[in-house]
Amino acid sequence: MSTIVIIEPGDTVELDPASSGLAHGYGIFETMRVRSGRLELWDSHWDRLTASAASLLIDCPFCKEDVLDAVVSLGRKLPADVLIKISLLREKGSSRLMVYSRPLSTLPDEIGLHLGQFAPVNQYSMLAGHK
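Since the structure is predicted, the reported quantities are computational estimates derived from the model, not experimental observations. (Residues numbered from 1 in each chain as written. Predicted model: local features only at pLDDT ≥ 70, side-chain atom pairs only at ≥ 80, totals over all residues. Heavy atoms only, no water.)

## Concerning the sheet that holds strand E5 (residues 94–102)
Convention followed: A pair of strands is treated as paired once DSSP finds two or more bridges between them. What counts as a helix is a DSSP run of H or I of at least four residues, what counts as a strand is a run of E of at least two, and both are numbered from the N terminus. The contact criterion used throughout is that any non-hydrogen atoms of two residues lie within 4.5 Å. In this description, a line fitted to the C-alpha atoms serves as the axis of each element, helices being fitted only across the stretch in contact, and the angle between N-to-C directions of two axes falls anywhere from 0 to 180 degrees.
Read across the sheet, five strands follow the order E1-E5-E4-E2-E3 without closing on themselves; strand pairing throughout is mixed. Every interior strand has two partners, whereas the edge strands, strand E1 (3–6) and strand E3 (38–39), have only one. Taken together, the two bridges between strand E2 (residues 27–35) and E3 define a ladder with antiparallel strand orientation. Directly across from Val 34, in E3, lies its bridge partner Leu 39. Strands in contact with helix H2 (residues 42–55) are E2, E3, strand E4 (82–91) and E5; relative to E2, the strand with the most contacts, it is inclined by about 180°.

## Things to note about the packing of H2 against helix H3 (residues 64–75)
Quick reminder of the rule: Should an angle fall under 35 degrees it is called roughly parallel, over 145 degrees roughly antiparallel, and 65 to 115 degrees roughly perpendicular, with every other angle called oblique. Crossing chirality is assigned from the near helix's rotation relative to the far helix, an anticlockwise turn below a right angle marking it left-handed and a clockwise turn marking it right-handed. The residue classification treats Ala, Val, Leu, Ile, Met, Phe, Trp, Tyr, Cys and Pro as nonpolar and Asp, Glu, Lys and Arg as charged. All others, Gly included, are polar.
The interhelical angle for the contact between H2 and H3, taken along N-to-C directions, is 125°, at an axis separation of 12 Å. By the criterion of interaxial angle, the relationship of H2 to H3 is oblique. Between H2 and H3 lies a crossing of right-handed hand. Each of Trp 42, Asp 43 and Trp 46 in H2 lies in contact with H3, whose residues at this interface are Lys 64, Val 67, Leu 68 and Val 71. For the contact of H2 with H3, the per-class residue count stands at five nonpolar, no polar and two charged.

## Focus: the side chain of Arg 96
Operational definition: Throughout this description, buried means an accessible area under 20% of the type-specific maximum (1.4 Å probe, protein chains only), exposed means over 50%, and partly exposed covers the range between. Here a polar contact means two N or O atoms within 3.5 Å. Within protein one must be a hydrogen donor candidate and the other an acceptor candidate, and residues neighboring in sequence count only if both atoms are side-chain atoms.
One can find Arg 96 in strand E5. On the accessibility criterion, Arg 96 (13% relative accessible area) is buried. In terms of polar contacts, Arg 96 uses its side chain to reach the side chain of Glu 91, at 2.9 Å. When neighbours within four sequence positions are excluded, Arg 96 is seen to be in contact with Thr 3, Val 5, Val 13, Glu 14, Leu 15, Ser 87, Leu 88, Leu 89 and Glu 91.

Here it is, written out as structure tokens:
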């Protein structure tokens, strides 16, 4: 049975080490920004998650409204500026969608960038464009 799990800060979740989601990393995720208590770009995140799930053959039987309700339910218990993540993991004959949060990272005043020549990107990879 596929389930939506809301993980509040400090909670833990049990994962089956034999599940594909854990044993092989067979899953996808979306990271969404909540700014001043408002969830940003929900439709875009949901569309990418469901498109990736279909492409990677991960069952996503969840209704968009039910997942949004879970995100909002968690968001009400969090600071006004936070990241909310959705992880969809493939499990034996089903899938599990987890909704949890991460604090915003603080960035340094300056950031350097080094572009190397020897890191090719395989644009034809089955995983290109998915998170």
